[in-house]
Each structure stands twice: as structure tokens, then as C-alpha cells.
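Understanding the architecture of this molecule
The primary structure of each chain is shown beneath.
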Amino acid sequence: MFKSIGIFDSGVGGISVLRDAVRLMPHEHFIFYGDNHNAPYGSKTQAEVIALVDRVVEILLRRDIKALVIACNTATAAAVAPLRERLSIPIIGMEPALKPARNLRHGGQILVLATPATLHMEKFRRLMALYGEGAVPVEGRGIVECVERGHVSDGEIAAVLHGLLDEHLKQPTDAIVLGCTHYLFIKEALAAVAPGIPLVDGNLGTVRQLERVLGGLNLLSCQGEGGYELMTSGEPEVYLPLMERLMRLG
Ligand code: DGL
């Protein structure tokens, strides 16, 4: 029987993952849930994020999904372990791409831009211990709020980014890790604030991992029409058009 893949984020950030997943797996059907009403997750406690994630996962499970993609670094850091214990379907999570960014290092720092919640969780501390040499965590306060309102390349996001990064960029910087899926949509604004500095993200790694896992379990759809459905806990008339706009961006 044909089953969909569930994919979710606190808001529109996960659309950057959905976009890549649809391109890589054109025969799959995805159900995307953006918890826009409760975004941002990144300023909440781990317990609060777990409670929100449980609610979203419940909604997706009712659709009988064959796999779950947590298209959110914050939700993964907070909730992937308890979800894996509880659910029998494959779960693909995300983490800031420190490991690939290491290869770009030639003496300078690697800035790791992520939500405050991600940066303060145990999962990130473990990642830093393994791959964090030269890495400097930077809390991306204010970015998600801009992206949720569709402000991805204007003066408002530029001001937020200057406030967050200018001081750090006085030091030699070899790369910036985009440790939150919302940040994929502000690449242009970031490139203007940090010209010439490579931006590293984990999106492609995540969707390739999804493809590998589905293939390994014989669950990958290799023919027939795929597609996606969008859901939101926020106002549909606001967020569904924004999601469609972001699907077409870049
Ligand atoms: N997009 C999410 C992430 O990847 C979190 C954004 C938020 O709600 O703070 O971390």
C-alpha cells in the first residue's frame, strides 16, 4: 500500500528540507506539518519542545506515515531520543553540520548559528565534543521570527544578522554552519553580511539519509506520482501561501 512520509518543523523552516526531499525523491508523497502557531521552538525549554513535538507527531501518525523526518534541529535535539524509543517507524533527525564544516577549516573559526535551545542541549554538547574544534556557537536570536513573517531578504533581516555576526566576523572565519532549517532561506542576506564565507547546512545529508533508510527497508517508492501536502497549526491563509513561496525559492 502507498504510504506518505511525515515531515515537520516548528514552522516554515522545514520547507527547506521538504523542497530538497521532493527533488530527490519525486515518487514519494510527503505530508508537511508546520507548527507555526507555536514557533519559535528555539526559545522554549526542552520539556516544552517535547510536549509540542508529541502533539505534532500524533497528528502525522494518524495519517499512517511510513517514516518521520524531523526537519528541525531544535526538535531533534530535544525529542529524537524519546521518539525513537516509542515509535517503530524510521525517524530521520537533523543536527548542525559541524562534521562537514570541519573540512573547510584552515586556521580560522567556524561559526555555528543555531537556536538558543539547540545550543544549550546535551545533544549539541556531545556534537561539539566530537567535531567542535574551532567552532564558536552563535545564538540566532530573532532570525526565525523574521523568516516566519516572510522577511528573508530585506533590511529587517540584514539588521538582525549584522547585530548577531559583525563582532564575530572580526576574527578570521572559515565557514558558517546553518544549524536551523529556517536559516536556509536567508542565505542571500547572510552572504551580504559575511561575503565570501562558505555556508554549510545539513539538508542534503538529511534527505540522502532518508533515501538510504527507506531503500534499506524496501520502503522507497520508485515509480508513480509523488507530491506533497502542507498543514499548519497557524492561520492557513497566512502560512500556506508563505510555504508555497518558500518551496519555489532557490
Ligand atoms: N527550524 C528549527 C530548527 O531547525 C527551529 C526554529 C525555531 O522554532 O526556533 O532548529
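Observations concerning helix α1 (residues 15-24)
Most of α1 sits out of view: 7 of its 10 residues are buried. Those residues of α1 not exposed but buried are Ile15, Ser16, Val17, Leu18, Arg19, Asp20 and Ala21. On its buried side, α1 packs onto β1 (5-9), β2 (29-34), β3 (67-70), α10 (203-216), β9 (227-232) and α11 (236-247).

A look at the environment of Arg245
By the element assignment, Arg245 lies in helix α11. For the pair Arg245 and Ile15, spaced 230 residues apart in the sequence, the C-alpha separation amounts to 9.9 Å. Engagement of the side chain of Arg245 in a polar contact is seen with the backbone oxygen of Gly150, the distance being 3.0 Å.

Looking at α10
One full turn of an α-helix is made of 3.6 residues, so residues set three or four places apart face in the same direction. With 14 residues, α10 ought to run about 20 Å at 1.5 Å a step, and its terminal C-alpha atoms sit 20 Å apart, in line with that. Turning to α10, the residues buried within the fold contact β1, α1, β2, β3 and β4 (91-92). At the C-terminal side of α10, Asn218 shows a positive phi close to 60°.

A few points about empty space enclosed by the protein
Counted by the stated rule, this structure contains 4 cavities of 30 Å³ or more. As a volume, the largest cavity reaches approximately 70 Å³. Considering the residues around the largest cavity, the lining is formed by Asn73, Thr76, Ala77, Met94, Glu95, Pro96, Thr118, Lys123, Phe124 and Leu127. Contributions of two or more residues to the lining of the largest cavity are made by α3 (73-86) and α6 (122-131).

A closer look at the environment of Pro96
As for its position among the elements, Pro96 is in the loop between β4 and α4 (98-102). Judged by relative accessible area, which is 5%, Pro96 ranks as buried. Separated by 31 residues in sequence, Pro96 and Leu127 have C-alpha atoms that sit 8.6 Å apart. Other than its neighbours up to four places away in sequence, Pro96 contacts Asn73, Val112, Thr118, Phe124, Leu127, Val177 and Gly179.

Rules and cut-offs
- Residues numbered from 1 in each chain as written.
- Predicted model: local features only at pLDDT ≥ 70, side-chain atom pairs only at ≥ 80, totals over all residues.
- Heavy atoms only, no water.
- Buried < 20%, exposed > 50% of the residue type's maximum accessible area, 1.4 Å probe, protein only.
- Helix = DSSP H or I, 4+ residues; strand = E, 2+ residues; numbered from the N terminus.
- Contact = heavy atoms within 4.5 Å.
- Polar contact = N/O pair within 3.5 Å; in protein donor to acceptor, adjacent residues only side chain to side chain.
- Expected span 1.5 Å × (residues − 1).
- 1 Å grid on protein atoms, 1.4 Å probe; cavity = no way out; pocket = protein on both sides within 12 Å on 5 of 7 lines; lining within 4 Å.
- Points joined across faces, edges and corners; volume = space filled by probe spheres on them.

Honestly, it's all geometry; don't read function into it.
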